[in-house]
Amino acid sequence: MNCASTGCPNLARQVYTATNLETMLEQQMHEYLKHGRGLRLERGELVASSIFDWYRVDFGNDESAVRAWLAKRQASLAELLLDPEVDLRYEYDWALNLAE
């Protein structure tokens, strides 16, 4: 489950099974958020993947709900995420992911 662009989460290195699916998805979500493609602080501004904007309904109905969802999962940026005065923008890198 990957679009093959650089902005996507990494491909799993093992097969999803009924017994490992939830664990693997949770682990991959944490890895994606720790990587700059998922969420980062850039010159005092929060930058999140456009995935959180495009699929906003999955994370909450508005930006404050998305911020709260991200804050629960990225403690190092939680204070900034919960501060509505800190800008949050979305971006996505559509370049083909050629990483080996």
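In the block above lies the structure referred to throughout.
None of these values were measured; they are calculated from a predicted model.

## Regarding helix α1 (residues 21–34)
Part 1 of the argument: Under the 1.5 Å per step criterion, the end-to-end length of α1 is 20 Å for 14 residues, consistent within 8% with the ideal 20 Å.
Part 2 of the argument: Looking at α1, one finds that the buried residues are Met24, Gln28, Met29, Tyr32 and Leu33. Across the axial projection of α1, the buried residues extend over an arc of 160°, all falling on one side. Those residues of α1 that are exposed and aimed more than 90 degrees away from the buried face are Thr23 and Lys34.
Part 3 of the argument: Lining the buried residues of α1 we find β1 (39–42), β2 (45–49), α2 (51–54) and α4 (63–73).

## Brief notes about the pattern of salt bridges
Part 1 of the argument: On inspection of all chains with the given rule, the structure shows eight salt bridges.
Part 2 of the argument: In this structure, the salt-bridge partner of aspartate 53 is arginine 56, at a minimum N-O distance of 2.7 Å.
Part 3 of the argument: Judged by its relative accessible area of 33%, aspartate 53 falls in the partly exposed class.
Part 4 of the argument: Look at arginine 56 and you get buried, because its relative accessible area is 19%.
Part 5 of the argument: One salt bridge connects glutamate 91 with arginine 89, and the closest N-O pair in it is separated by 2.6 Å.

## Describing the packing of aromatic side chains
Part 1 of the argument: Under the counting rule described, the total for this entry stands at six aromatic pairs.
Part 2 of the argument: The rings of Phe52, Phe59 and Trp69 are connected pair by pair, giving a single aromatic cluster.

## Things to note about the environment of glutamate 42
Part 1 of the argument: With respect to the helices, strands and loops of the structure, glutamate 42 is situated in strand β1.
Part 2 of the argument: Taking the C-alpha atoms as reference points, glutamate 42 and arginine 56, 14 residues apart in sequence, are found 22 Å from one another.
Part 3 of the argument: Setting aside residues no more than four positions away along its own chain, glutamate 42 makes contact with Val47 and Arg89.

Rules used throughout
Residues numbered from 1 in each chain as written. Predicted model: local features only at pLDDT ≥ 70, side-chain atom pairs only at ≥ 80, totals over all residues. Heavy atoms only, no water. Helix = DSSP H or I, 4+ residues; strand = E, 2+ residues; numbered from the N terminus. Expected span 1.5 Å × (residues − 1). Buried < 20%, exposed > 50% of the residue type's maximum accessible area, 1.4 Å probe, protein only. Arc of directions from axis to C-beta. Contact = heavy atoms within 4.5 Å. Salt bridge = Lys/Arg side-chain N within 4 Å of Asp/Glu carboxyl O. Phe/Tyr/Trp six-rings, centres within 6.5 Å; stacked < 30°, edge-to-face > 60°.

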